[in-house]
Amino acid sequence: MATGEFYALANEQGAAFGEAHAKSILMGEHSVVYGQPAIALPVTSLRTMAWIDRVEDSPVLFSMDGEVISIDELPNRFASIAAATRAALRKFGLPEQDLLIRLRSGIPPAAGLGGSAAVAHAVIDAVRDLADGALTEAERFELVQEAERVAHGNPSGLDATATRAAGPVYFQRGKFHPLRVGKKMWLVIGDTGVRGSTSIAVARVRGFVDSHRVRGQQLLDDLGDLTDAAVRHLAKGDITRLGQRMNAAQSALDELGVGHETISDLVTAARLAGASGAKLTGAGCGGCVIALADSVDHADLIAHAMMGANAVATWTVEVNPS
Ligand code: MEV
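Worth saying up front: this structure is predicted, and the values here are computed from it rather than measured.

**Re the environment of Arg 180**
- Relative to the helices and strands, Arg 180 resides in the loop between strand E7 (175–178) and strand E8 (185–191).
- Along the sequence, Arg 180 and Pro 321 sit 141 residues apart, while their C-alpha atoms lie 7.2 Å from each other.
- Apart from residues lying up to four places away in sequence, Arg 180 is in contact with Leu 234, Ala 235 and Ser 322.
- In this structure the side chain of Arg 180 is engaged in a polar contact, spanning 3.1 Å, whose partner is the backbone oxygen of Ala 235.
- A distance of 3.4 Å separates the side chain of Arg 180 from the backbone oxygen of Ser 322, its partner in a polar contact.

**Let's talk about the pairing of strand E10 (residues 288–293)**
- Counting buried positions over the 6 residues of E10 gives 6, a clear majority of the element.
- Pairing between E8 and E10: 6 bridges, direction antiparallel. In the strand pairing of E10, Val 188 is matched with Ala 291.
- With 4 bridges joining them, strand E9 (residues 278–281) and E10 adopt antiparallel strand pairing. If you follow Lys 279 over to E10, its bridge partner there is Ile 290.
- Where E9 folds back on E10, the antiparallel hairpin that results is connected by 6 residues, among which Gly 282 adopts a positive phi of roughly 95°.

**Brief notes about the UniProt feature "domain: GHMP kinase N-terminal" (unreviewed entry) in the protein chain**
- In the numbering used here, UniProt assigns the feature "domain: GHMP kinase N-terminal" (unreviewed entry) to residues 83–162.
- Secondary structure content for residues 83–162 is 59% helix and 9% strand, and the end C-alpha separation is 20 Å.

**Points about the UniProt feature "domain: GHMP kinase C-terminal" (unreviewed entry) in the protein chain**
- The positions UniProt marks with the feature "domain: GHMP kinase C-terminal" (unreviewed entry) are residues 234–306.
- Secondary structure across residues 234–306 comprises 60% helix and 14% strand; the distance between its end C-alpha atoms is 24 Å.

**Points about the site of the ligand**
- Around the ligand, the surrounding shell consists of Lys 23, Ile 25, Glu 29, His 30, Val 32, Val 33, His 152, Pro 155, Ser 156, Asp 159, Gly 282 and Ala 283.
- Here an oxygen atom of the ligand sits 3.0 Å away from a polar atom, N or O, in the side chain of Asp 159.
- Relative to its free-state accessible area of 300 Å², the ligand is covered by the protein chains to the extent of 98%.
- Class assignment for the residues of the shell around the ligand results in 5 nonpolar, 4 polar and 3 charged.

Procedures and definitions
Residues numbered from 1 in each chain as written. Predicted model: local features only at pLDDT ≥ 70, side-chain atom pairs only at ≥ 80, totals over all residues. Heavy atoms only, no water. Helix = DSSP H or I, 4+ residues; strand = E, 2+ residues; numbered from the N terminus. Contact = heavy atoms within 4.5 Å. Polar contact = N/O pair within 3.5 Å; in protein donor to acceptor, adjacent residues only side chain to side chain. Buried < 20%, exposed > 50% of the residue type's maximum accessible area, 1.4 Å probe, protein only. Pairing = 2+ DSSP bridges. UniProt positions renumbered as here; feature names shortened; annotations may be inferred. Near = heavy atom within 4 Å. Areas by Shrake-Rupley, 256 points an atom, 1.4 Å probe, with all protein chains shown as cover. Nonpolar A, V, L, I, M, F, W, Y, C, P; charged D, E, K, R; others polar.

Following this line, the structure appears as structure tokens:
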């Protein structure tokens, strides 16, 4: 059946629906995998949406990027989407057939913004909607983690948590709580355009920690301490000190081996434009950089500087007092 016919079958009105947003890790990526704390923020302007319609005599089909692909033929890079779908269908006792799942995502893939966790959440919630069922937060988390394990081996659960969170969260070993923000601030996200692999980046850190045991452990502990300090600065609205902790975290992440020349370029440009702090966000080895600003005009200036240093896109996130 041609793509157009599937669109004709799909009934937007009656479609089951799910969505989720992107996330940005303020502090603690990689060290969180080793049980250290992390801080993440929702990026609600970037979203992934999933609609599910019933179709007849068909395997489960996905419509994305103008193509219709059956679940058994999804390329490997989409294996976690198939895993999320299968896990959710199993959970609700629905057969793996006669469904068309349409996906639209504004989250750049493999950029450190939680794209894989967000699409898993969206699909799982659409299946829940189709089944007219309910999921506790813990059940959702487990289903997304099942997909995330396919995407990158040993996920900490930070992405699964932050892509559903309504505000900044403190996360450690699967538990999380909302964080206090003392003063409005702005986070500028700059995309290097280099697509990284989370599993490769996580393996690189593992390689460093295994081959430099003392220094590796020291860096992980330092990242944990910097995250805890950042929690206090965030609560007080101390943008200067928060920025200093971000810069120190970037140095540690560079030493752990997940930096990249494009990250360094954007970090340098942001700091020269007066950012209080700048660092990679997410897995690194490319992906995105975040920079802290104390006004929207300052954020614009930093975004402009990042574009001048070859960022392919920037987004500004308001971090509101809470
Ligand atoms: C990826 O967004 C964050 C990492 O810390 C991996 C994880 O937490 O599972 C690099």
